[in-house]
Amino acid sequence: MPKEVCVESSVHRVFILAWQKVLKKRDISCKKLSLFQLINSKTDVTNTSVFLMISQSLSKHPPSLTGAILQTSIDYLRLILPISRSEYTIEGLDIMLKEYFFVSLDLSENKPYFCGRYFANGHRSPDQSCVIGYNWDRVNPDKGELMLTLSGTALQRVKLPKLHLFCNIMFNIGAHCSRVDFACDDYSKELFSLKNLRDASDSGNFSGSRASSTTVKTSGDGGWLVTFGQRSNARYCRFYNKSIESKGVIDSHRFEVEYKNTYASTIFANFCSLELDCLTDFALRLVAGSIDFIDRQFGQPVARCLRLDWWANFLSITGGAIAWAVPRIIRTIAKTVEWVEHKVAKSLIVIKKCFGTAGYHKWFADVLTTAEAKLKSSHYSRIENYKLEYGFYAK
């Protein structure tokens, strides 16, 4: 938190004091971890089921560290956080953004914002590098929820330690992360070359992504893009020529990883828990652990395959990789019922009021008939397990 912040009103001052109080509390109560402690704990600090693994750098040939220059950064950040009209105000957040990212929101222009969710209110910075959308609670009008989106343009203006401090402030007032992108720039352009990536993609020499979701695109001006995974996935990797994309501002080949949903939330929490001197290594190894490039020519199991030489070279520079894994969610009938009651019931009432009672029941019966025809063996298995445990129609 900056030592001095110029505030023009008591509302602004209350906001800043509230953040300072949170930050002071965090410094006392939150124990910082080294990267070694985090890795060897085999779990994350948020007490969820997410765990970490270290990948070793194995290849047919010894690594050759030939002038590779790497730089890591956070290139995109989307946070969901609480706001209020009296404490964590929009005006106060604007002051924080000016102090940390040198951006100012245009608070005079209020437009709706949609980013996976609809927000009735929204403000943007002139260069669009920072956008917020928010809704006020209908029951308690003083409270609300806000989505803060920071693009690479805003994030590159601040160094990692200062960004870490900002994230800690956000985390400790209840913010959670819905998306975070980590980037690694190869200024030598030797590791993440189009040839290496095209060969790996064409031959299927990679692990951690389905072959059907891999794309290779090129353009006449020397630009290229290689992706692994689908954009809607919780983890999505892309390699591209940053020199062309940035018009020469960043002269590198870039490797970016998008983490969303549970991945983003838990990675963000662990990022906030680390000591400052661990941040770069954590980010670099997290990028390295998002995918693996291996030699499948002998048809061996993935665990026994040797890594491609250029990828082994990269892992030797990073000192290994952190592969983030989220266990598969076990769906139960009880959870399904809870989800319908909390997430679907209101929408059904809206449809009923629009269609009328008779029209609604006819529509709903048709929906159930269509859905029943699409049931899979896994659905029938859950039904049988529920009947065996609770009896038919029991709740």
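What you see is a predicted model; the values in this text were computed from it and never measured.

S.K.: Which parts of the structure should I look at to understand the packing of helix α9 (residues 279-288) against helix α10 (residues 309-318)?
M.R.: Axes are the key here: two packed helices are described by the angle between their axes and the distance separating the axes. Two numbers describe how α9 lies on α10: the axes approach to 10 Å, and their chain directions differ by 160 degrees. One finds that α9 runs roughly antiparallel with respect to α10. For α9 against α10, the interelement crossing comes out left-handed. Where α9 abuts α10, its residues Leu284, Arg285 and Ala288 lie against Trp311, Phe314, Leu315 and Thr318. Residue composition of the contact of α9 with α10, grouped by class: 5 nonpolar, 1 polar and 1 charged.

S.K.: How do you make sense of the packing of aromatic side chains when you look at a structure like this?
M.R.: Describing an aromatic ring pair means giving the distance of the ring centres and the angle of the ring planes. Following the criterion strictly, the structure yields 23 aromatic pairs and no others. Their ring planes at 25 degrees and their centres at 6.0 Å tell us that Tyr259 and Tyr263 sit as a pair that is stacked. Given the relative accessible area of 14%, Tyr263 is considered buried. Through a chain of ring-to-ring contacts, the aromatic side chains of Phe192, Phe206, Phe228, Phe239, Phe255, Phe293, Trp310, Trp311 and Phe314 assemble into a single cluster. The residue whose ring lies beneath Lys162 is Tyr100, and the NZ or CZ to ring-centre distance is 5.5 Å. Geometry around Tyr76 places Arg179 over its ring, the cationic atom sitting 3.8 Å from the centre.

S.K.: I would appreciate a short explanation of the pattern of salt bridges in the present structure.
M.R.: Throughout the structure, instances matching the rule amount to 20 salt bridges. Residue Asp181 pairs with Arg238 through a salt bridge whose shortest N-O separation is 3.4 Å. Of this pair, Asp181 sits in strand β8 (residues 176-186) while Arg238 sits in strand β11 (residues 235-241), and the two are 57 residues apart along the sequence. Since its relative accessible area comes to 1%, Asp181 is described here as buried. Relative accessible area serves as the criterion here: at 11%, Arg238 is assigned to the buried category. As a salt-bridge pair, Lys362 and Asp366 come within 3.4 Å of each other at their nearest N and O atoms.

So, how was this worked out
Counting restarts for each chain, with residues numbered from 1 along the sequence as it is written. pLDDT decides what is reported in this predicted model: residues at 70 or higher carry local features, side-chain atom pairs at 80 or more are listed and counted, and totals for whole chains, interfaces and linings draw on all residues regardless. For the side-chain quantities, the full set of heavy atoms in the structure was used; hydrogens and water were omitted. To get an axis, a line is fitted to the C-alpha atoms, and for a helix only the part in contact is used. The angle between two axes follows their N-to-C directions and goes from 0 to 180 degrees. What counts as a helix is a DSSP run of H or I of at least four residues, what counts as a strand is a run of E of at least two, and both are numbered from the N terminus. In these notes the angle categories are as follows: under 35 degrees is roughly parallel, over 145 is roughly antiparallel, 65 to 115 is roughly perpendicular, and the rest is oblique. In this scheme, a crossing is called left-handed if the near helix is turned counterclockwise away from the far one by less than a right angle; it is called right-handed if the turn is clockwise. Should any heavy atoms of two residues lie within 4.5 Å, those residues are considered in contact. In this count, Pro and Cys sit with the nonpolar residues alongside Ala, Val, Leu, Ile, Met, Phe, Trp and Tyr, while Asp, Glu, Lys and Arg are called charged and the others, Gly among them, polar. Paired rings are identified among Phe, Tyr and Trp, the last through its six-membered ring, by centres lying within 6.5 Å, and are further divided according to the angle between planes into stacked (under 30 degrees), edge-to-face (over 60) and tilted (the rest). Here's how the labels work: a residue is buried when its accessible area is under 20% of the maximum for its type, exposed when over 50%, partly exposed in between, all with a 1.4 Å probe on protein chains only. We call a charge positioned over a ring when the NZ of a Lys or the CZ of an Arg lies within 6 Å of the ring centre and within 35 degrees of the ring normal. Whenever a carboxyl oxygen of Asp or Glu lies within 4 Å of a side-chain nitrogen of Lys or Arg, that contact is scored as a salt bridge.

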